[in-house]
Structure formats: structure tokens, C-alpha cells
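If you want the building blocks of each chain, they are given just below.
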Amino acid sequence: MSSRSKTDQLRSLLRLLNDAANTILTEWEAEEQIILDSSQPVTHPSVPTAELFEARRIFLGACGMCIDIVQDPLIRLTEVVFSHLTAAALRVAAEARIADILAKADPNEGLSIKEITRQCGIQDWKLVRVLRCLCGLNIFAETRNECFINTPTSHQLVGNEQLRFNSSMEMSAASAKLSAVLFDPIKTKSTSPRETAFQEAFATTMTLWEYLEHVSKGSSASSLGQTPLDIWTTGMTAGAQVELPTLCMDYPWGDLGPCLVIDVGGGVGGKSLELAKHYPNLRFIIQDREDVLVQAHAVWHRDYPAALAAGRVAFMPHDFFTKQTVIGADIYLLGNILHDWPDDECVTILKNLRQAMKLDSRILVIDQVVHTTVGSPSMKTAPPPLLPNYGYASHYAATRTLSMLTLFNGTERTPEELEALAAQSGLKVMKIWECRSMAYITELRRADVVM
Ligand SMILES: C[S@@+](CC[C@H](N)C(=O)[O-])C[C@H]1O[C@@H](n2cnc3c(N)ncnc32)[C@H](O)[C@@H]1O
């Protein structure tokens, strides 16, 4: 890039940053006002207004682009090469539950590394280096030499099962094998969920789901009392907590009337559980593998026993590669399912649902919808000079796609790819509901019904 266009770009980005920051400040002030004025209806605290959501992603996209313009290109590349060590440091902190340890300390004084070491067992001079790596990103802070406190960011780790899940052994070991699989002349062409970096890392031919069940059966649980299957299922539920408020608010569930929802591959039914709390007209059948449903029942018993007592939820072992047995349900929910599977398997899953659908049944696919850096007519485009997909603000979605590739030969999909899957399955995309979170709701209907 010439220095002239660099200068122009930086100036445009500064204008965008300034405008977005003003919107963010106005929105924050309005939020404070609502909290002070108890007569105003309180929206969900973690769901930003549409204005704040938009300003935030413009701001993040602009910050990301500023870094790229301002930093020396070689240093910037080197930083990316080393970024896996930041993730490794965070994994250590999450596994050692450092945030939980610090949460019990005086928030101004913090805890000395000796005391933290006493509680988590990691050698002090090594742990200091791990924590300092994170302090530079404002994840933890060092108040004085070798004394640490939580920051608002690290505080999010307290009791956070999702993070332990995201940093799980299976994911990080598999990602280390991604390049080996991509350079293998046979495996690079494979679309099989049994021939991915995950199988390479764990020397198995089992899919991840089969593997988790296999190693968890009769296995001694980890020191924290959880089997690998527990970590994944509770992690997926905890993850849903981040996305669910917007998924509940940004789709017109309230207008549906009494509805039967089949949560296909529902896991412990985390998404249904949140919906059940907000929308009393909805009834649910959670379908999954048998072992997972045992946990599902326990989760509902703990978190929403009233739904069990009222008969609003039932659990049904079901393999989504076989014929759907609940015919004519109003909604078939596919929450974070299609992204786990290659296209052929997705078409099988969708065709099984298509055969069970009545004329006005809907399939609601809850997955990220990939917005590429060249943009899409189906998705909102960022203002220039940002990349059409808001650049850095979409980076997490891009890494999540890689995680699906690594574990399953799966992928998050573009609107066009979702349309192609629907067409092959006798379905059509009615609408992509852009939600104020990372996951969107793609509504599918029967292709043969004119709406
Ligand atoms: C990524 S999780 C999503 C869980 C849940 N829908 C959610 O959004 O939290 C994928 C789920 O698919 C389930 N699964 C995998 N293979 C399956 C199959 N053949 N039939 C039914 N469920 C399956 C797994 O047990 C797991 O619970």
C-alpha cells in the first residue's frame, strides 16, 4: 500500500472510530439511565441494542484495520504466528481456575504468585510468565510485582465452564494436527467426519461424539470430577448462555402460538430450556444420543423442574441420520448441528426432516452464517474502508469455521452454501434472521409450498 493511501485509510478509520465511539458512549449513558430509572422496562442486560451492536462491530473492525495499517508487516505476521501461545496461556489459566482463585482475594490487593501457586500447584516462576502474557491483553492485571487481580475480562472466567470447554484438550490437540491433514495427499481430499485432524491427534477412527462417549464410559473423571463428555455437554450449554438471549429476542417466537419444537441433536437441550422459560406456549422434545439424554434430564431437573412437571419437555433417543419419527411438528430446531457435518451428511439430516414436515413446518438452523471479506447480498455490509464483513469483528466466526473443519470436516456456511444444501433437500431458505450475536437463525421451509 502506498503511504498516501495508508494515510487516507487511517484518516477514514479514525472518523469511523470517532462516530462509533460517540454512539457507544450515548448507548452506555442510556443504559445507565435505565438502570437508575426503575420504571423503565429492563431489556436483557447482555443483549446490546441494535445501535450498540452495529457501533461495536464497526469499532472493532476499525481497530483491527488500524493495527494492520500501523504495525510493521513482518512484526504483525510474527505476532499471529505466536498467538497460539496466548491461547495456551489462557488455557492454563482456565484449567488452573486462576480467576476463581483471585475472585476470593481482596480486589485491590490481589494475591501474590506464591499464594496462587499454593492453591493451583503450578511452579511460581512459570505461572508468572503465563499471567503476564495475559495481563498485556487486560486479562488479569499485575498490581505490584508478582501480585495479580482479576480484571472485568478475566472475571468472566469465574465459574465459566464454556471456557474450559473451548480450551478442551480435544480441540487444541486437533488443531495442532490441521496442517498434517491438509498436506496429506489423501486426507486433504476427504470429506469424512472420520478423517480429520481430530482422528489424527487421537489415533482413532471414531467421530468426536463417539470418542467422547467411549472415553467417558467407566472412565475415572478428571480431577475436577468431570468426564470429557461432561465437559463438552456442559460447555455447550454454557456456550448457549452467551448466544441465547439474542436468539430468543431476534426471532418472533412470541407470534407462533402453541407450538411443538423438536430439538434435533439438542444435546442437554440448553437452547430449548431458555426458550421454554421465555415462551410458555412452546413444548419441546429433545432428541439426541442416549448417553447425552441422561444428562439432559438431569439438567432440566436442576434448572427448570417446572417444565418437566408440566409435561412441556420430553426426551427421545434419536439418530438424526435415520427417519424422523415425530411427524408434522411445527418446528425442527437444528442448533449447532449442520456446522458439525460435511454437505452430504447435512443433506441426509435435512431430507429426514423434510419427509416429516407438514405444509407449514419450519426448520430453524442455528449456526453462524459466514460473511466473507468480499461480502454477500444477503448480509449487512460494513461501511468502507472496513472489509464488507466488518473484518476483525468477524474474525471469531472465521476461527470457528476452522474448528469445525479440524474436528469434523464440518464448516460454518455462507448464505449461498445454506441455500444449496436446502435445495438439495427439497427445502428453501425463507429468511436469514440476523441476530445480535454470533449465531443467526436460518429459516427453512418446504420447497413445494408457496408462501
Ligand atoms: C454441537 S452439539 C449441539 C447441541 C445442541 N443442539 C446445542 O445447540 O447446544 C451436537 C450434538 O449432536 C449430537 N449428535 C451427534 N451425532 C448425532 C446423531 N447421529 N444423532 C443425534 N444426535 C447426534 C451430539 O451428541 C451433540 O449433543
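Residues numbered from 1 in each chain as written. Predicted model: local features only at pLDDT ≥ 70, side-chain atom pairs only at ≥ 80, totals over all residues. Heavy atoms only, no water.

An unreviewed UniProt entry lists the chain under the name S-adenosyl-L-methionine-dependent methyltransferase, from Wolfiporia cocos.

Quick notes on the domain arrangement of the chain
In terms of domain boundaries, the chain breaks down into domain 1 (3-71), domain 2 (75-159), domain 3 (166-232) and domain 4 (243-449). Each of domain 1 and domain 4 was reduced to a C-alpha centroid, and the two centroids are 29 Å apart. Across the contact, 19 residues belong to domain 1 and 17 residues belong to domain 4. The largest per-residue losses of area from domain 1 upon contact with domain 4 belong to Val47, Phe53 and Arg57, which jointly make up 35% of the total buried on that side. Put simply, domain 1 and domain 4 have 1 salt bridge between them. The closest approach of N and O atoms between glutamate 54 and lysine 380, which form a salt bridge, is 3.7 Å. Looking at the side of domain 1 that touches domain 4, the elements with two or more residues in it are helix H1 (3-36) and helix H2 (50-70). Sorting elements by how many residues they give to the side of domain 1 that touches domain 4 places H2 first, with 10 residues. Here the residues of the side of domain 1 that touches domain 4 sort into 10 nonpolar, 7 polar and 2 charged. (Domains from an automatic or database assignment. Contact = heavy atoms within 4.5 Å. Buried area = accessible area lost by both parts, 1.4 Å probe. Salt bridge = Lys/Arg side-chain N within 4 Å of Asp/Glu carboxyl O. Helix = DSSP H or I, 4+ residues; strand = E, 2+ residues; numbered from the N terminus. Nonpolar A, V, L, I, M, F, W, Y, C, P; charged D, E, K, R; others polar.)

Quick notes on the packing of aromatic side chains
Tallied over the full model, the rule gives 11 aromatic pairs. Summarising the aromatic geometry, the rings of phenylalanine 198 and tyrosine 211 are spaced 5.3 Å apart at their centres and angled 80° between planes, so their arrangement reads as edge-to-face. Of this pair, phenylalanine 198 sits in helix H11 (residues 197-202) while tyrosine 211 sits in helix H12 (residues 208-216), placing them 13 residues apart in sequence. Accessibility expressed as a relative area gives 0% for phenylalanine 198, which makes it buried. Ring centres of phenylalanine 320 and tryptophan 341 lie 6.0 Å apart, and the angle between their planes is 85°; this geometry places the pair in the edge-to-face category. Within this pair, whereas phenylalanine 320 is found in the loop between strand E6 (313-317) and strand E7 (331-335), its partner tryptophan 341 is found in the loop between E7 and helix H17 (343-356), the two being separated by 21 residues in sequence. Per residue, the accessibility class of phenylalanine 320 equals that of tryptophan 341, and both read buried. Among the aromatic residues, those joined into a cluster by ring pairs are Phe198, Phe202 and Tyr211. (Phe/Tyr/Trp six-rings, centres within 6.5 Å; stacked < 30°, edge-to-face > 60°. Buried < 20%, exposed > 50% of the residue type's maximum accessible area, 1.4 Å probe, protein only.)

Looking at the site of the ligand
Around the ligand sit 18 residues, and of these Gly265, Lys271, Asp288, Asp319 and Gly335 come closest. Glycine 265 is positioned with one of its backbone polar atoms (N or O) 2.8 Å from a nitrogen atom of the ligand. Measuring from an oxygen atom of the ligand, one finds a side-chain N or O atom of aspartate 288 at 2.7 Å. Contact with the protein chains removes 94% of the 590 Å² of surface that the ligand exposes when unbound. Here the residues of the shell around the ligand sort into 7 nonpolar, 6 polar and 5 charged. (Near = heavy atom within 4 Å. Polar contact = N/O pair within 3.5 Å; in protein donor to acceptor, adjacent residues only side chain to side chain. Areas by Shrake-Rupley, 256 points an atom, 1.4 Å probe, with all protein chains shown as cover.)

Details of the side chain of threonine 406
The residue threonine 406 is located in helix H18 (residues 395-408) in this model. We classify threonine 406 as buried; its relative accessible area is 5%. With residues near it in sequence (within four places) discarded, threonine 406 still touches Ala174, Ser175, Leu178, Thr196, Ala197 and Phe198.

Describing the side chain of threonine 414
Mapping threonine 414 onto the fold places it in the loop between H18 and helix H19 (415-424). Apart from the residues within four sequence positions on either side, threonine 414 is in contact with Val369, Val370 and Thr372.

Let's talk about the environment of aspartate 68
Inspection of the secondary structure assignment puts aspartate 68 in helix H2. A polar contact is formed between the side chain of aspartate 68 and the side chain of arginine 76, at a distance of 2.6 Å.

Notes on the pattern of salt bridges
In the structure shown here, the tally under the stated rule is 20 salt bridges. Here glutamate 213 ties to arginine 289 by a salt bridge, and the two come within 2.7 Å at their closest N and O atoms. Of this pair, glutamate 213 sits in helix H12 while arginine 289 sits in the loop between strand E5 (282-288) and helix H15 (290-303); the two residues are 76 residues apart in sequence, bridging distant segments of the chain. You can call glutamate 213 buried: its relative accessible area is 12%. Using a relative accessible area of 34% as the deciding quantity, one classes arginine 289 as partly exposed. Here glutamate 412 makes a salt bridge to arginine 400, at a shortest N to O gap of 3.6 Å. One end of the pair, glutamate 412, is in the loop between H18 and H19; the other, arginine 400, is in helix H18, and 12 residues separate them in sequence.

A closer look at the UniProt feature "domain: O-methyltransferase dimerisation" (unreviewed entry) in the chain
In the UniProt entry, the feature "domain: O-methyltransferase dimerisation" (unreviewed entry) is given for residues 80-158. For residues 80-158, the helix share is 58%, the strand share is 11%, and the end-to-end C-alpha distance is 27 Å. (UniProt positions renumbered as here; feature names shortened; annotations may be inferred.)

Digging into the sheet that holds E5
Across the sheet, 7 strands lie side by side as E6-E5-E4-E7-E8-E10-E9; this open sheet has mixed pairing. The outermost strands of the open sheet, each flanked by one partner alone, are E6 and strand E9 (427-433). Recorded for the sheet is a direction-independent mean angle of 25° between the axes of neighbouring strands. The sheet contacts of H19 involve E9 and strand E10 (440-446), and relative to E9 the element is tilted by about 150°. (Pairing = 2+ DSSP bridges. Axes fitted to C-alpha atoms, helices over the stretch in contact; angles between N-to-C directions.)

Looking at the UniProt feature "domain: O-methyltransferase C-terminal" (unreviewed entry) in the chain
The sites that carry the UniProt feature "domain: O-methyltransferase C-terminal" (unreviewed entry) are, in the present numbering, residues 261-427. Between the C-alpha atoms that bound residues 261-427 the distance is 18 Å, and the span itself is 40% helix and 17% strand.

Quick look at unusual backbone geometry
Put simply, proline 384 and proline 385 share a cis peptide bond, and its omega is 5°. Checked against the element boundaries, proline 385 lands in the loop between strand E8 (362-367) and H18. With a phi angle near 60°, glutamate 146 is a residue other than glycine that sits in the positive phi range. Following the sequence through the fold, glutamate 146 ends up in the loop between strand E2 (141-144) and strand E3 (147-149).

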